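# Summary of the model geometry
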Amino acid sequence: MEVEQIKYQGMDRKRLIDIIEQQRLELIQKEAVCKEYKKHLEQVIG
């Protein structure tokens, strides 16, 4: 997976907060997928 490189220098506070919020939501989504995958694995293995 390619990590997107973002230049933060020169961005205003609101833009930085928007980026953080977007990243936080993406992390929550990825954690949910991971949790479901783990639950599935436990069902398959157990």
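Residues numbered from 1 in each chain as written. Predicted model: local features only at pLDDT ≥ 70, side-chain atom pairs only at ≥ 80, totals over all residues. Heavy atoms only, no water.

## Points about the overall build of the chain
The number of helices and strands found in the chain is one helix and zero strands. A burial count over the chain gives 2% of its 46 residues as buried. With the model as given, the accessible surface of the chain reaches about 4900 Å², and the carbon-plus-sulfur share is 57%. (Helix = DSSP H or I, 4+ residues; strand = E, 2+ residues; numbered from the N terminus. Buried < 20%, exposed > 50% of the residue type's maximum accessible area, 1.4 Å probe, protein only. Areas by Shrake-Rupley, 256 points an atom, 1.4 Å probe, with all protein chains shown as cover.)

## Side note on a nonpolar patch on the surface
On the surface, Tyr37, Leu41, Val44 and Ile45 cluster together to form a nonpolar patch covering roughly 450 Å² of accessible area. Position of leucine 41 relative to the elements: it lies in helix α1 (residues 13-45). (Patch = residues over 30% accessible without salt bridge, like charges linked within 9 Å, V, L, I, M, F, W, Y side chains within 5 Å. Salt bridge = Lys/Arg side-chain N within 4 Å of Asp/Glu carboxyl O.)

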